[in-house]
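Descriptive structure summary
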Amino acid sequence: MILNKFDPWNSKLCTCPFKLSLNPYTGCSHNCVYCYASSYIKNFFNPRPKRNLIEKLKREAKKLNGQIISISNSSDPYQHLEEKLKLTRKCLEILKNYNCKIQIITKSNLVLRDIDILKEMNAMVSITITTINNEIAKKLEPNAPKPNERIDAVKELIENKIPVSVRIDPIIPFLNDEQEDLIKELAKIGVKHITSSTYKVREDNWKRFEQAFPEIAEKLKELYFEKGEKISNYYYLPKDLRLKIMLKMKKLTNKYNISFACCREGFKINDNTCDGSWLLNSFNFFQSKNVKNLFQYINT
Ligand code: SF4
């Protein structure tokens, strides 16, 4: 199967609505230090296309009936391979013909290439921006586009009336826990929803983190491994600290009239669906080309 249930483990911490997940690629070239997917997918940083992706999707798409399809959750659909292979675009071209809603999750401004097709669908884009500091971003997400390129992408999508939510995720104490400048910038360009969560430690992402940010890792050790809690093989920060960080993010986003949600933290503080999918409801039905054609037909 190429369309799979999102969160097949039914985690109690996941508050997402029911949706399907589609990954055009296995693995990812952005090489994020904190990446969670690298702990359960082999050769993760040697990305490759999913085998028989297009044939499988053509077959499975026929059964769709209004579901949300999240593209993608364990790799970036607009990573470097996509520039030449265009598999994500080919998937969108297929899905356009079926009854479904699209949620794109990316760190890349390459998504702008597909604005034409996204405008024809009930689609939203979730762009992750962890910091506006170029130096930190370069160490944290070495091969992903720069923060200002991502902010420009958010702006251009909104100008094209494609709903956008931003993930400021993960928040790592002592590294990127001061986010007011970014939130203010996002409010200025019309962002309506921000999702955030704290960094969860796995063995392999911690090794990368210690290497990239040794001084901060030293400060975090006690918080994660002595005072924190372990939930499903992830080390979490202490609960009261996580709540404090999330409430601070909520206060800031709300100050700028942006809806807030946290992800997999276990706190009931969300203003809207955690993944920003509520924005799909604000889809302007009358913008759709098929509907415009129908009206033209009725009027002639
Ligand atoms: S973009 Fe996402 S999937 Fe890719 S390396 Fe970064 S965290 Fe992992």
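Conventions we followed
Residues numbered from 1 in each chain as written. Predicted model: local features only at pLDDT ≥ 70, side-chain atom pairs only at ≥ 80, totals over all residues. Near = placed C-beta within 6 Å. Nonpolar A, V, L, I, M, F, W, Y, C, P; charged D, E, K, R; others polar. Helix = DSSP H or I, 4+ residues; strand = E, 2+ residues; numbered from the N terminus. Expected span 1.5 Å × (residues − 1). Buried ≥ 20, exposed ≤ 12 C-beta atoms within 10 Å, placed from the backbone. Arc of directions from axis to C-beta. Contact = placed C-beta atoms within 7 Å. Core = buried A, V, L, I, M, F, W, Y, C linked by C-beta atoms within 7 Å. Pairing = 2+ DSSP bridges. pLDDT = per-residue confidence, 0-100. Axes fitted to C-alpha atoms, helices over the stretch in contact; angles between N-to-C directions. Parallel < 35°, antiparallel > 145°, perpendicular 65-115°, else oblique. Left-handed = near helix turned anticlockwise from the far one by under 90°.

**Section: the site of the ligand**
Inspection of the region around the ligand gives Cys28, His30, Asn31, Cys32, Cys35, Ala37, Ser75, Asp76 and Lys107 as its neighbouring residues. Partitioned by chemical class, the residues of the shell around the ligand number four nonpolar, three polar and two charged.

**Points about helix α6 (residues 147–159)**
Across its 13 residues, α6 extends 18 Å between first and last C-alpha, which sits within 8% of the 18 Å expected from 1.5 Å per residue. Three or more residues of α6 are buried, namely Pro147, Arg150, Ile151, Ala153, Val154 and Leu157. Looking straight down α6, one finds that the buried residues subtend no more than 155 degrees of arc, so they occupy a single side. In this structure, the buried residues of α6 make contact with β7 (123–128), α5 (134–140), β8 (164–171) and α7 (180–188). Downstream of α6 by a residue or two, lysine 161 has a phi angle that is positive, lying close to 65 degrees.

**Re α7**
All buried positions along α7 are accounted for by Leu182, Ile183 and Leu186. Down the axis of α7, the buried side of the element spans an arc of 95 degrees, and every buried residue falls inside it. Projecting away from the buried face of α7 at angles above 90 degrees are the exposed residues Asp181 and Lys188. Considering only its buried residues, α7 is in contact with α6, β8, β9 (193–198) and α10 (239–255). Two residues or fewer past α7, glycine 190 is found with a positive phi of approximately 100 degrees.

**Regarding the nonpolar core**
Counting 68 residues, the largest nonpolar core has Ile69, Ile102, Val125, Val154, Val164, Val166 and Ile194 as the members making the most contacts within it. In this view, valine 166 contacts Ile127, Ile129, Val154, Leu186, Val191 and Ile194; residues no more than four positions away in its chain are not counted.

**Notes on the pairing of strand β6 (residues 100–106)**
The element β6 is extensively covered by neighbouring structure, given that seven of its seven residues are classed as buried. A two-sided burial pattern is seen for β6, the buried positions comprising Cys100, Ile102, Ile104 and Thr106 on one face and Lys101, Gln103 and Ile105 on the other. Note: strand β5 (residues 67–71) against β6, five bridges, orientation parallel. Opposite glutamine 67, over in β6, you have cysteine 100 as the bridge partner.

**What to know about the confidence of the model for the protein chain**
Confidence along the protein chain averages 94 in pLDDT terms, with 94% of residues attaining 70 or more. In this model residues 283–300 is a low-confidence stretch, pLDDT under 50, and it forms eight contacts with partners more than four residues away in sequence or in other chains.

**A word on the packing of helix α1 (residues 53–61) against helix α3 (residues 87–95)**
In contact at an axis separation of 10 Å, α1 and α3 are set at 20 degrees when each is read in the N-to-C sense. By the angle between their directions, the pair α1 and α3 is classed as roughly parallel. Between α1 and α3 lies a crossing whose hand is right-handed. The residues of α3 that touch α1, namely those facing Leu53, Ile54, Leu57, Lys58 and Ala61, are Leu87, Lys90, Cys91, Ile94 and Leu95. In terms of residue class, the contact of α1 with α3 is made up of eight nonpolar, no polar and two charged.

**Focus: the environment of threonine 198**
With respect to the element layout, threonine 198 can be found in strand β9. The spacing of threonine 198 and methionine 246 is 48 residues in sequence and 8.0 Å in space, taken between C-alpha atoms. Each residue touching threonine 198, except ones within four places of it in the same chain, is listed here: Pro170, Ile171, Leu237, Arg242, Ile245 and Glu265.

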